[in-house]
Amino acid sequence: MVYLIFVTIVWSFSFSFIAVYLSGQVDTWFAVVMRVLLAFVTFIPFLRFKNINFKQMFLLMGVGACQLGIMYFFYYNSFQYISVPEVLLFTIFTPIYVTVIYDLLQGHRLRMSYLFTAIIAVIGAAIIRYDYISRDFVIGFLLIQGANIVFALGQVGYKRIMEIYPMPQYQAFAWVYFGAVIVAALGWGLFGDWSKLPTTNLQWGIIVWLGVIASGLCYFLWNFGATKVDSGTLAIMNNVVIPTGILVNVVIWHQSIDWLRFLLGSIVIVLALLLHYKITKRVAH
């Protein structure tokens, strides 16, 4: 749990950094390929070919292709159509995707108690974030849902792989990042715009921070934490980044918020987490 909380705090800065300094200024595919390439370089020392078969390699690379490669394409492009508050609003459905996909991958019927607490977390996030939505939000909404689905698939896919094929996770994640690099490099080669490379030291600095810290370190810690909690807790934690991201906007960029709705929604998300723990504890006994 502590890993998920730490990563949530770090990721809360990413929304604004991308929207303010990169979106519309730096080519989307270049930002994606640099981010995952830096993450891969960070984990190259842990890349191993021994004690891992081709099926494990393929599955782990598939996780990276989904969770980082394809997800980033949807995510970065969404900022061209919708605002940061709208991005935060449209990410609220991720807990439902996490719960449903994990149960499907396990091959058993949906656990309705997990789905129920995930929906409560979605309601809490909606209370915080529902506000004015621009008229042309549809494309941005669909892009974010694409990002939500592949991000959820990557999380729960990695969790299942570690359950079936346990191995040192720092070695496993080197293959995850390798899969992301392949997808991002293909995207950059096919759709990249060489005229929209970073032009300032600040933009390069943000890309390095996003690659080494927000991706390299934090995706590893997030997925490592995902293997230590049940899928219901993982689902709800996906929405905790919303209030933390808003607080960053308020503190750094001095944006105004409705504090009553913010506090009420945050309380609902926490209650969802507490209710989930109560339900799982009862089932365990």
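This write-up is about the structure you can find in this document. (Residues numbered from 1 in each chain as written. Predicted model: local features only at pLDDT ≥ 70, side-chain atom pairs only at ≥ 80, totals over all residues. Heavy atoms only, no water.)

Focus: empty space enclosed by the protein
Moving on, step 1. One pass over the full model with this rule turns up two cavities of 30 Å³ or more.
Moving on, step 2. By volume, the largest cavity is sized at about 340 Å³.
Moving on, step 3. In terms of lining residues, the largest cavity is bounded by 17 residues, among which Trp11, Phe15, Tyr75, Phe151 and Tyr219 are the most central.
Moving on, step 4. Elements with a minimum of two residues in the lining of the largest cavity: α1 (2-11), α2 (14-22), α4 (54-78), α8 (138-164) and α10 (201-226).
Moving on, step 5. Considered class by class, the residues forming the lining of the largest cavity number ten nonpolar, six polar and one charged.
Moving on, step 6. Roughly 50 Å³ of internal volume is contained in the second largest cavity.
Moving on, step 7. What lines the second largest cavity is simply Ile18, Leu22, Ser23, Gly24, Val26, Thr28, Ala31, Tyr76 and Gln80.
Moving on, step 8. Secondary-structure elements contributing two or more residues to the lining of the second largest cavity are α2 and α3 (28-43).
Moving on, step 9. The class makeup of the residues in the lining of the second largest cavity is five nonpolar, four polar and no charged. (1 Å grid on protein atoms, 1.4 Å probe; cavity = no way out; pocket = protein on both sides within 12 Å on 5 of 7 lines; lining within 4 Å. Points joined across faces, edges and corners; volume = space filled by probe spheres on them. Helix = DSSP H or I, 4+ residues; strand = E, 2+ residues; numbered from the N terminus. Nonpolar A, V, L, I, M, F, W, Y, C, P; charged D, E, K, R; others polar.)

Digging into the layout of surface pockets
Moving on, step 1. Each pocket or cavity is described by its volume, and for the second largest pocket that value is around 200 Å³.
Moving on, step 2. Along the wall of the second largest pocket there are 13 residues; nearest its centre are Leu59, Val63, Leu105, Gly157 and Ile161.
Moving on, step 3. Elements that contribute at least two residues to the lining of the second largest pocket include exactly α4 and α8.
Moving on, step 4. Across the lining of the second largest pocket, the residue classes tally to eight nonpolar, three polar and two charged.

Some thoughts on the environment of Phe13
Moving on, step 1. Relative to the helices and strands, Phe13 is located in the loop between α1 and α2.
Moving on, step 2. Overall, Phe13 belongs to the partly exposed group, its relative accessible area being 27%.
Moving on, step 3. It is 9.2 Å that separates the C-alpha atoms of Phe13 and Ile246, two residues lying 233 residues apart in sequence.
Moving on, step 4. Contact partners of Phe13, with chain neighbours within four places excluded, come to Trp209, Val248 and Ile252. (Buried < 20%, exposed > 50% of the residue type's maximum accessible area, 1.4 Å probe, protein only. Contact = heavy atoms within 4.5 Å.)

Looking at the environment of Gly216
Moving on, step 1. By secondary structure assignment, the location of Gly216 is in helix α10.
Moving on, step 2. Sequence separation between Gly216 and Thr42 is 174 residues; the distance between their C-alpha atoms is 6.3 Å.
Moving on, step 3. Not counting residues within four places of it along the chain, the set of residues in contact with Gly216 comprises Ala39, Phe43, Tyr177 and Gly211.

Quick word on the packing of α3 against α4
Moving on, step 1. Direction vectors running N to C along α3 and α4 enclose 140°, while the axes themselves pass 9 Å from each other. In terms of axis orientation, α3 runs oblique to α4. For the crossing formed where α3 meets α4, the hand is right-handed. Contacts from Thr28, Trp29, Ala31, Val32, Arg35 and Val36 of α3 reach α4 at Leu68, Gly69, Tyr72, Phe73, Tyr76 and Asn77.
Moving on, step 2. For the contact of α3 with α4, the per-class residue count stands at eight nonpolar, three polar and one charged. (Axes fitted to C-alpha atoms, helices over the stretch in contact; angles between N-to-C directions. Parallel < 35°, antiparallel > 145°, perpendicular 65-115°, else oblique. Left-handed = near helix turned anticlockwise from the far one by under 90°.)

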